[in-house]
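Observations on the three-dimensional arrangement
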Amino acid sequence: MLTHILILMVLALALLGFWLGKRKAILAATSLHSLPVHYASYVLLMTILPASLTLAIWSLAEAWLLHDQSLTLSTTNNTLAQTDTALKSIVVIIVAVLSLFFAMQKVSPEFRARNVVEKFILAALMVCAALAILTTVGIVVSMVFETAHFLNLHSWKDFFFGLDWSPNFHGDSALSILPLLWGTLYISCVALLVAVPVGLLSAIYLSEYASSRIRSIAKPLLEVLAGIPTIVYGLFALLTFGPFLRDLFGPEGFFAVGWMSDTRSVATAGIVMGIMLIPFISSLSDDIINAVPQSLRDGSFGLGATQSETIKHVLLPAALPGIVGAILLAASRAIGETMIVVLGAGAIARFTGNPLEALTTVTTRIVSQLTGDGDFNSPETLVAFALGLTLFALTLGLNIFALYYVRKYREQYE
Amino acid sequence: MIEPNPHKSLFVASAQTKQRATAEKRFHMLGLTAIFIALSMLAILMTTIVAKGSGAFQQSFITLDVALLEAKLDKKGTRNPDNLKKVTTFGYAPLIKAAMEQIVVARGIETDLTSKDMAAIVSKSAAAQMRDRVLNDPRLIGTTTEFKFLANSWIDGYLKGRVTRETIGKNKNISSAQLDFADRLIELGIIEKSFNIQFILGADASDQRPEDAGIGVAIIGSFAMMCVVLLLALPIGVAASIYLEEFAPENRLTDFIEVNVANLAAVPSIVFGILGLAFFINMMHLPQSAPLVGGLVLTLMTLPTIIISTRAALKAVPPSIRSAALGVGASKMQTTIHHVLPLATPGILTGTILGLAQALGETAPLLLIGMIGYVATNMPETVSQGLLSPNSAMPAQIYEWAKRADPAFYERAWGGIIILLIFLVTMNLIAVRLRRRFERRW
């Protein structure tokens, strides 16, 4: 509770510094180097920064030291904590006052306050940009540690090369990634088989054939399809498309073939995921096709080629690297997609080639292993981190490769 | 008359030309078919959602006159609130049975049902509803008061056509005699369908009472998360973009940051959930299932989107603006903050709204940090409760309903999707309007 008051006091001091700095700058106004507000901001920053740094370091040390002691010194702990808090507040306030005083001394017409303040701002901007690196590092570190923990408890041979996935609570679970990878890749392939032809042809039609009126209607509608959350597609797979497929291929279905027993299957999840990816592929390919210079088309038309011949023999070969990049990005989305497969693909890990049978994927297992009530330090729970790391590595590889491909292609015509 | 040579005439198409023309037509049709497939999928999706979800906004209610007997609810007759609270919902259940019997007699309904079976068509939430109202207003005890109870989900399904006499078969929750009884009550206007505000404002209910479940608490959870995302992702994202677009020197570090941003935009959302679980919950010991943690995870997820769109907006500001500002003596920082940033604001806001819309529909990471549907049972009362006490979010609530076995929940899942889509459409429309209204062509 005291920390809040402490922070408020430091802020109040800083505001006082802002006011004092501005006043001093204005009163000294012969030929100031910077605007008064720069001097004021300088004092404000110089008051806040040392004090908050002290507070942060002290609090960290306190958490670290007192946490260890509280186990043994529970009786003296209370008084110790009280003196500690009092001491902390006094030191922080003193630091704030001293730095305020020091900063005020610096305020003079020759002092280049603007340069200093702008350097602070630039540093802050840079820290924000570096957050992207921090996030990546955070993802990798958090998963690597837990994965190492998992591999201590479970044999790595079984994880990478085993053929069974059957977690249980007796401590002898078979936790192998291979059947999950099979399911993931199979479903992603089905999705791409749906999405790539439809998405690519839509993009070609929209950019080469469609009149501007059709384009102005169809493109926003495709974007709507892209903006629908995946949970909606998942629900559609589970409650509408799965039952529809079973009505066709189930034992009592339209074809009466009995190929499908459950509503959840590779085809259910794969085809619905394909629908989700159509706008993704079409908008990426649209950009790429539009980037192909008009002169290439004109040259082809000039030689007497029809529109479709131009597209097939000139446009597509020219755009191919970009389109391959787009397909790889779509594949990475398909592999990482969660809600559609959680709701539509089922939970049975096995190697089957029948698209009408249920399969499971890496992402569904991550969700089920981490949302259960299991002990957090059991291999059955920790395996989720190993799965997550594999998923991250897989999609990262695809993304880097695809981005590199797309970038290289773009530069070709710039 | 000489026959024109098919290989020489311009007026008769040669076999090859015909073939090429057919190929052209075929390809054109192929493209048209692809667009048609894509758009009809959208149409099918939308029709399904509206057809299956609109039912959730209507609910069957049973209006009953219940005699609130003093002998049952307040034996001592003191109206002391503490004594009244001692009567649990079990104490109220017999009153519903009595009210049903009374209706049968008064309206002359012929039925073989026991009073227990008759009362069973009322929702299990009815006793709690009566108790709440009596505790709020003890003067009601001893009077006969009109209550509008929710009907049991099976009766509700019967009114909506989901449950029929053929489909109930050996269902032990409902019998065809009860449906006959319900038919009579419908004729008498005692059972009626009406708009169900509780679905939009209420909390999730146990899987025994689908009729009572609402998405209101989850909406609050989503709203709290969006506030966190907006407060963190917008400033950080804009700051990062300004650095990368205006200040960053061309060196390895900048390249590395850019590669990271591009990759993070394509990392599967579930990976961010794992990060949230490992870092925010296991390492920093932030509370599980809290919208604050959900907001932090979604912030990390939305940041790349916001950075990418903000950079595009900054890039769209012409260099002449920067040159002019620099020319009159502004520093680089002043140029950026006073001139470039204001001009890029509409583009930044558009990108931010689209990023928020993406975050609003995200489910998978929330499941990992414990924001599962069934925790959304209590409406938060203060801001800190809204951020820290366990809650869910709209998509996670929909997922929870989709998982439950009772088909009555499916209707609610679709209804929840309608609400979610209304939010998303509104956000997107605002973004489009912003873009139209403030977009400048230089």
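Cut-off values and rules
Within any chain, residue numbers begin from 1 and follow the written order of that chain's sequence. Labels are handed out in written order, letters beginning with A for the chains and numbers beginning with 1 for the ligands. Only residues with pLDDT of at least 70 get local features here, since the model is predicted, and only at 80 or more are side-chain atom pairs given and counted; chain-wide, interface and lining totals rely on the full set of residues. Only heavy atoms go into the side-chain values, all of them from the structure, while hydrogens and water stay out. For the purposes of this entry, the term helix denotes a DSSP run of H or I that reaches at least four residues, the term strand denotes a run of E that reaches at least two, and both are numbered from the N terminus. The atom set for the radius of gyration is the C-alpha atoms, and the globule formula is 2.2 Å times the number of residues raised to the power 0.38. Relative accessibility under 20% of the residue-type maximum defines a buried residue, over 50% an exposed one, and the middle range a partly exposed one, all with a 1.4 Å probe and only protein chains included. Reported accessibility uses the Shrake-Rupley method at a 1.4 Å probe radius. Residues are deemed covered only where the shown protein chains occlude them. We treat Lys and Arg as the positive residues and Asp and Glu as the negative residues; His and chain ends play no part in the count. Positions of charges follow a simple convention, taking NZ of Lys, CZ of Arg, CG of Asp or CD of Glu. Should any heavy atoms of two residues lie within 4.5 Å, those residues are considered in contact. Buried area adds together the accessible area that both of two parts lose upon being put together, with accessible area traced by a 1.4 Å probe. The salt bridge definition used is simple: a Lys or Arg side-chain nitrogen within 4 Å of an Asp or Glu carboxyl oxygen. Cavity and pocket criteria rest on a 1 Å grid covering protein atoms alone: a 1.4 Å probe that fits but cannot get out defines a cavity, protein on both sides within 12 Å along at least 5 of 7 lines defines an open pocket, and an atom within 4 Å of a point defines a lining residue. Grid points are joined across faces, edges and corners, and a volume is the space filled by probe spheres set on the points. Each residue gets one of three labels, nonpolar for Ala, Val, Leu, Ile, Met, Phe, Trp, Tyr, Cys and Pro, charged for Asp, Glu, Lys and Arg, and polar for the others, Gly among them. Those domain boundaries reflect an automatic or database domain assignment.

**Here's the deal with the overall build of chain B**
- Within chain B one finds 20 helices and three strands.
- Taking 442 residues into account, the globule formula puts the C-alpha radius of gyration at 22 Å, and chain B, at 31 Å, lies well above it.
- With respect to the three principal axes, the spread of C-alpha positions in chain B is 95 × 85 × 40 Å.
- By residue count, 49% of the 442 residues in chain B fall in the buried class.
- When the accessible surface of chain B is totalled, it reaches about 21600 Å², and 60% of it is carbon and sulfur.
- Taking the average place of the 42 positive charges on the side chains of chain B and the average place of its 34 negative ones, the gap between the two points comes to 7 Å.

**Brief notes about the interface of chain B and chain A**
- Of the residues lining the interface, 69 residues belong to chain B; the matching set on chain A comes to 76 residues.
- Taken over both partners, the interface formed by chain B and chain A buries close to 6300 Å², and the fraction arising from carbon and sulfur atoms is 80%.
- A per-residue breakdown of the area chain B buries against chain A is headed by F27, L45 and I274 of chain B, which together make up 10% of the total.
- For the pair chain B and chain A, the interface holds one salt bridge.
- The residue E309 of chain A makes a salt bridge to R20 of chain B at a minimum N-O spacing of 2.8 Å.
- Here the side of chain B that touches chain A takes 21 residues from helix α1 (residues 15-53) of chain B, the largest share from any one element.

**Points about empty space enclosed by the protein**
- All chains considered together, the criterion is met by three cavities of 30 Å³ or more.
- As a volume, the largest cavity reaches approximately 70 Å³.
- Around the largest cavity, the lining is made up of 13 residues, and of these L131 and A132 of chain A together with L264, L303 and I307 of chain B lie nearest the centre.
- For the lining of the largest cavity, the secondary-structure elements that each account for two or more residues are α4 (113-153) of chain A together with α11 (216-247), α12 (252-266) and α14 (291-316) of chain B.
- The leading source of residues in the lining of the largest cavity is α4 of chain A, at five residues.
- Looking at side-chain class alone, the lining of the largest cavity contains 12 nonpolar, one polar and no charged residues.

**Regarding the layout of surface pockets**
Residues and elements named next belong to chain B.
- Estimated volume of the second largest pocket: approximately 740 Å³.
- Contributing to the lining of the second largest pocket are 28 residues, with A120, V122, S123, K124 and N152 lying nearest its centre.
- Going through the elements one at a time, α4 (89-107), α5 (115-119), α6 (126-136) and α7 (153-160) are the ones with two or more residues in the lining of the second largest pocket.
- In terms of residue count, α4 provides more of the lining of the second largest pocket than any other element does, five residues in total.
- Across the lining of the second largest pocket, the residue classes break down as 12 nonpolar, eight polar and eight charged.

**Here we look at the domain arrangement of chain B**
All names here are of chain B.
- Each domain of chain B was delimited in the assignment, giving domain 1 (54-195) and domain 2 (216-438).
- Put simply, the middle of domain 1 and the middle of domain 2, counted by C-alpha atoms, are 45 Å apart.
- Contact with domain 1, which involves nine residues of that partner, is made by eight residues of domain 2.
- Across the domain 1/domain 2 interface, buried area totals approximately 670 Å², and carbon plus sulfur atoms make up 58% of it.

**What to know about unusual backbone geometry**
Residue and element names in this part refer to chain B.
- Despite not being glycine, H285 has its phi angle at roughly 55°, a positive value.
- Even without glycine at this site, S289 takes up a positive phi of about 60°.
- Relative to the helices and strands, S289 resides in the loop between α13 (269-283) and α14.

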